[in-house]
Amino acid sequence: MSKIYNDATKVDAEQGSVLLDGPGGVAVTITPDAALKTAGRLTDKAAEANGQRVEREWDEREREERRAIKPAK
């Protein structure tokens, strides 16, 4: 798995193009149409990943609670 960054990508509009300057040296210039499609995909996948994170935290919390109330033998 590649490195996971916590820094947001910087975005700018210049001469009819969208410039992305992200962590780890990512630098891309794309068209406005590509930027809009990318923005939609990012929104969808960010929501999906956040749901996965919440579900994982919920599962971990449930396991901890079960261990805490498990009767001793």
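Here, the structure is the one placed above.
The rules we used
- Residues numbered from 1 in each chain as written.
- Predicted model: local features only at pLDDT ≥ 70, side-chain atom pairs only at ≥ 80, totals over all residues.
- Heavy atoms only, no water.
- Helix = DSSP H or I, 4+ residues; strand = E, 2+ residues; numbered from the N terminus.
- Rg over C-alpha atoms; globule rule 2.2 N^0.38 Å.
- Buried < 20%, exposed > 50% of the residue type's maximum accessible area, 1.4 Å probe, protein only.
- 1 Å grid on protein atoms, 1.4 Å probe; cavity = no way out; pocket = protein on both sides within 12 Å on 5 of 7 lines; lining within 4 Å.
- Points joined across faces, edges and corners; volume = space filled by probe spheres on them.
- Contact = heavy atoms within 4.5 Å.

Trainee: Lay out the overall build of the protein with the relevant residues and their values.
Mentor: Summing up its helical and strand segments, the protein has 1 helix and 3 strands in all. Along the protein, from the amino end to the carboxyl end, the secondary structure elements read β-β-β-α. Whereas a compact globule of 73 residues would reach a radius of gyration of roughly 11 Å, the protein reaches 20 Å, over 25% beyond that. Oriented by its inertia axes, the alpha-carbon framework of the protein measures out at about 70 × 25 × 20 Å. When each of the 73 residues of the protein is scored for burial, the buried share is 5%.

Trainee: Hey, could you go over the layout of surface pockets for me, with residue numbers and the actual values?
Mentor: Here the largest pocket defines a volume of roughly 430 Å³. Around the largest pocket, the lining is made up of 15 residues, and of these Thr9, Leu20, Pro23, Thr38 and Leu42 lie nearest the centre. Broken down by secondary-structure element, the contributors of at least two residues to the lining of the largest pocket are strand S2 (17-21) and helix H1 (32-69). Top contributing element to the lining of the largest pocket by residue count: H1, with 4 residues.

Trainee: Can you tell me about the environment of Thr9, naming the residues and giving the values?
Mentor: Here Thr9 lies in the segment before strand S1 (10-14). Spatially, the C-alpha atom of Thr9 lies 14 Å from that of Thr43, the residues being 34 residues apart in sequence. Discounting chain neighbours no more than four positions away, the residues touching Thr9 are Leu20, Asp21, Gly22 and Pro23.

Trainee: Requested: an account of the environment of Ala8, with residues and values cited.
Mentor: By the element assignment, Ala8 lies in the segment before S1. The exposed category is assigned to Ala8, whose relative accessible area is 67%. The spatial distance from the C-alpha of Ala8 to the C-alpha of Gly22 is 6.8 Å, given a sequence separation of 14 residues.

By themselves these figures say nothing about function.
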